[in-house]
Amino acid sequence: MDVRIEAGWKQALKEEFQKPYFDKLMGFVREEYGNRRIFPPGRQIFNAFDRCPFSGVKVVILGQDPYHGPGQANGLCFSVNDNIPKPPSLINIFRELETDLGISQPPTGNLEKWADQGVLLLNATLTVRAHQAGSHQGRGWEQFTDRAIELLATQRSNLVFILWGSYAHKKGALIDSSRHLVISTAHPSPLSAHRGFFGSRPFSRANLYLQKHGKVPIDW
């Protein structure tokens, strides 16, 4: 199957695109976009990969599902489009960023600036029905994104994996923590942020690790 995705990722994931589960997944996705309101827009399904080439990944932040409200999702986890109100978890991410590095809350919740510097903002599931959280889970996306994580974990060195919440923590089994920095904390959701997310300083820790290994830090 010919998938429109950044060239480095296309090469890395080429075997995945030929597997029966992926063909079935793409059939399901095409039918959903043809008959329902689905987010993000079809051209942005692989936006996380397109904005962050395989060879340029420095940091991986894992989410679960795209936002399911109108105009929110842009294919990058935790990110929303310009001129869209920031969701509660993103507000808390920016609160921690201000505490950690003294960076004031930005006017937009669009995280494209991070992605363009090598932060892979990857949801485990890349599509969702409007107003139905989790509606595209269990269809094959998780197998696909797990493989992307595995490829980064085995073919790249000295990356930072930021795992927020129990769902993301499970992905830690795919990552060799002796080869990469794994930062696992509570989720930034208002329900859990006070149980270990606030004060965890993931942004400065990531940059210190990148600098230690000769990489340009992220301008958060």
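On a predicted model such as this, the values are computed, not experimentally measured, just so you know.

Rules of the game
- Residues numbered from 1 in each chain as written.
- Predicted model: local features only at pLDDT ≥ 70, side-chain atom pairs only at ≥ 80, totals over all residues.
- Heavy atoms only, no water.
- Pairing = 2+ DSSP bridges.
- Helix = DSSP H or I, 4+ residues; strand = E, 2+ residues; numbered from the N terminus.
- Axes fitted to C-alpha atoms, helices over the stretch in contact; angles between N-to-C directions.
- Contact = heavy atoms within 4.5 Å.
- Phe/Tyr/Trp six-rings, centres within 6.5 Å; stacked < 30°, edge-to-face > 60°.
- Buried < 20%, exposed > 50% of the residue type's maximum accessible area, 1.4 Å probe, protein only.
- Parallel < 35°, antiparallel > 145°, perpendicular 65-115°, else oblique.
- Nonpolar A, V, L, I, M, F, W, Y, C, P; charged D, E, K, R; others polar.
- 1 Å grid on protein atoms, 1.4 Å probe; cavity = no way out; pocket = protein on both sides within 12 Å on 5 of 7 lines; lining within 4 Å.
- Points joined across faces, edges and corners; volume = space filled by probe spheres on them.
- Salt bridge = Lys/Arg side-chain N within 4 Å of Asp/Glu carboxyl O.
- Polar contact = N/O pair within 3.5 Å; in protein donor to acceptor, adjacent residues only side chain to side chain.

Novice: Whenever I open this one, the sheet that holds strand β6 (residues 181-185) confuses me. Can you help?
Specialist: Adjacent strands of a sheet form backbone hydrogen bonds with each other and so pair up, either parallel or antiparallel. Spatial strand order, β3-β2-β5-β6: four strands in an open sheet with parallel pairing. Pairing within the sheet leaves two strands with one partner each, and these edge strands are β3 (119-123) and β6. Adjacent strand axes in the sheet meet at a mean angle of 15 degrees, parallel and antiparallel pairs treated alike. Judged from the four bridges that link them, strand β2 (residues 59-63) and strand β5 (residues 160-164) form a sheet pairing that is parallel. Bridging across to β5, Val 59 finds its partner in Val 160. Sitting on the sheet, helix α9 (residues 202-212) is in contact with β2, β5 and β6, with an inclination near 165 degrees to β5.

Novice: What exactly am I supposed to notice about the packing of aromatic side chains here?
Specialist: Between two aromatic rings, the relevant description is the distance of the centres plus the angle of the planes. Under the definition given, this model contains 18 aromatic pairs. Where Phe 78 meets Trp 164, the ring centres are 5.5 Å apart and the plane angle is 75 degrees; that geometry is what we call edge-to-face. Taken as a pair, Phe 78 in the loop between β2 and α5 (88-101) and Trp 164 in strand β5 lie far apart in primary sequence, 86 residues in all. Owing to a relative accessible area of 2%, Trp 164 belongs among the buried residues under this scheme.

Novice: Looking at this structure, I do not really get the packing of α5 against α9. What am I missing?
Specialist: How two helices pack is summed up by the angle between their axes together with the distance between the axes. Axis separation between α5 and α9 bottoms out at 7 Å; the angle between their running directions is 60 degrees. The angle between α5 and α9 places the two elements in the oblique class. Contact residues: α5 offers Ile 93, Glu 96, Leu 97, Asp 100 and Leu 101, while α9 offers Pro 202, Phe 203 and Ser 204. Its residues placed into classes, the contact of α5 with α9 shows five nonpolar, one polar and two charged.

Novice: Even after reading the chapter, I still don't get empty space enclosed by the protein, so can you show me in this structure?
Specialist: Over the atoms, a rolled probe matching the size of one water molecule traces out where space is still vacant. Tallying each qualifying case throughout the model produces one cavity of 30 Å³ or more. If you add up the space inside the largest cavity, you get close to 40 Å³. Together, Leu 62, Gly 63, Leu 122, Asn 123, Ala 124, Thr 145, Ile 149, Tyr 167, Ala 168 and Lys 171 line the largest cavity. The set of elements that each furnish at least two residues to the lining of the largest cavity consists of β2, β3, α7 (141-155) and α8 (166-170).

Novice: Looking at this structure, I do not really get the pairing of β3. What am I missing?
Specialist: Each regular strand shows side chains that alternate between the opposite faces of the sheet. In terms of burial, β3 is a largely internal element, five of the five residues being buried. Of the two faces of β3, the one lined by Val 119, Leu 121 and Asn 123 and the one lined by Leu 120 and Leu 122 are each fully buried. Inspection of the sheet shows β2 paired to β3 by five bridges, in the parallel sense. Paired with Gly 63 across the two strands is Asn 123, which belongs to β3.

Novice: Would you mind going over the pattern of salt bridges with me for this structure?
Specialist: Oppositely charged side chains can pair when the atoms bearing their charge come close. According to the stated counting rule, one finds ten salt bridges in the structure shown. In this structure, the salt-bridge partner of Glu 112 is Arg 51, at a minimum N-O distance of 3.5 Å. Pair noted here: Glu 112 is in helix α6 (residues 112-115) and Arg 51 is in helix α4 (residues 47-51), with a separation of 61 residues, a long-range link. Between Arg 147 and Glu 150 there is a salt bridge whose closest N-O contact spans 3.4 Å. Of this pair, Arg 147 and Glu 150 are both found in helix α7, three residues apart, which corresponds to roughly one turn of the helix.

Novice: Would you take a moment to explain the environment of Asn 74 for this structure?
Specialist: Mapped onto the elements of the fold, Asn 74 is located in the loop between β2 and α5. Classification of Asn 74 by relative accessible area gives buried; the value is 0%. On a C-alpha basis, the gap between Asn 74 and Thr 99 in space is 26 Å, while along the polypeptide they are 25 residues apart. Only 3.3 Å separates the side chain of Asn 74 from the backbone nitrogen of Leu 76, close enough to count as a polar contact. For Asn 74, the side chain forms a polar contact with the side chain of Ser 79, separated by 3.0 Å.

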